[in-house]
Amino acid sequence: MKKATVLLALGFVMFVLAPDVRAQYTTGIGIRYGLSKGATFVQFINPQSRGAADILVNRINNAWNLVALYEIHSKNHSENIEVANVGFFLGGGLHVSWRNALSNRLFYPGLSAIAGIEWKLPHVPLNLSLDCRPYIDLPFNKDQYGDQQTYDFDYALALKFLF
């Protein structure tokens, strides 16, 4: 848990220090692989804006999740940095999880945050990102939910096709 907290804090510091530059793409769709496995779809709200909507569909801890996030992206294109096209993002949103347990289908909402670093590969329409997503589930009925953990961290590597 300490490692995830340090990673999240480091991502936030890098986000704050990165310069304010426009996003290079408007839409991305891809796969995520890490603690969760699934798909991601990101759409910038306005091409001149740094804000983007990110939809994740994944499976983690024997539950399916639909996550809707609003992210602020910051790009760093300094010629003094060896790796160009590196950016940072930070955001938050809501999720809905569902699982089958003891012949009961459990649906519960939750809150999610996200922080990450991304790299737009030069000369190809691909983006590689690494993110950490802390989340908390808010079950409607604690007795039905049982002793399951209601908070956790998800981290994943994502590869997106850009257009």
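Parameters at a glance
Residues numbered from 1 in each chain as written. Predicted model: local features only at pLDDT ≥ 70, side-chain atom pairs only at ≥ 80, totals over all residues. Heavy atoms only, no water. Phe/Tyr/Trp six-rings, centres within 6.5 Å; stacked < 30°, edge-to-face > 60°. Buried < 20%, exposed > 50% of the residue type's maximum accessible area, 1.4 Å probe, protein only. Pairing = 2+ DSSP bridges. Helix = DSSP H or I, 4+ residues; strand = E, 2+ residues; numbered from the N terminus. pLDDT = per-residue confidence, 0-100. Contact = heavy atoms within 4.5 Å.

Considering the packing of aromatic side chains
The description of an aromatic ring pair rests on the distance of the ring centres and on the angle between the ring planes.
No. 1: On inspection of all chains with the given rule, the structure shows two aromatic pairs.
No. 2: Ring centres of Phe161 and Phe163 lie 5.8 Å apart, and the angle between their planes is 35 degrees; this geometry places the pair in the tilted category.
No. 3: A residue is classified by how much of its surface remains accessible, and Phe161, at 41% relative accessible area, is partly exposed.

A word on the pairing of strand E2 (residues 37-44)
No. 1: In the sheet, strand E1 (residues 27-34) pairs with E2 via seven bridges, with the strands oriented antiparallel. Bridge pairing in E2 links Gly30 to Thr40.
No. 2: Between E1 and E2, which pair antiparallel one after the other, the connecting turn spans two residues.
No. 3: By the bridge criterion, eight bridges tie E2 to strand E3 (residues 51-60) in an arrangement that is antiparallel. Each bridged residue has a counterpart across the sheet, and for Lys37 the counterpart in E3 is Arg59.

Section: the confidence of the model for the protein chain
No. 1: Chain-level pLDDT for the protein chain is 79 on average; 68% of the residues reach the 70-or-more range.
No. 2: Low pLDDT (under 50) marks residues 13-23, which in the prediction has 22 contacts with non-local residues, meaning those over four places away or in another chain.

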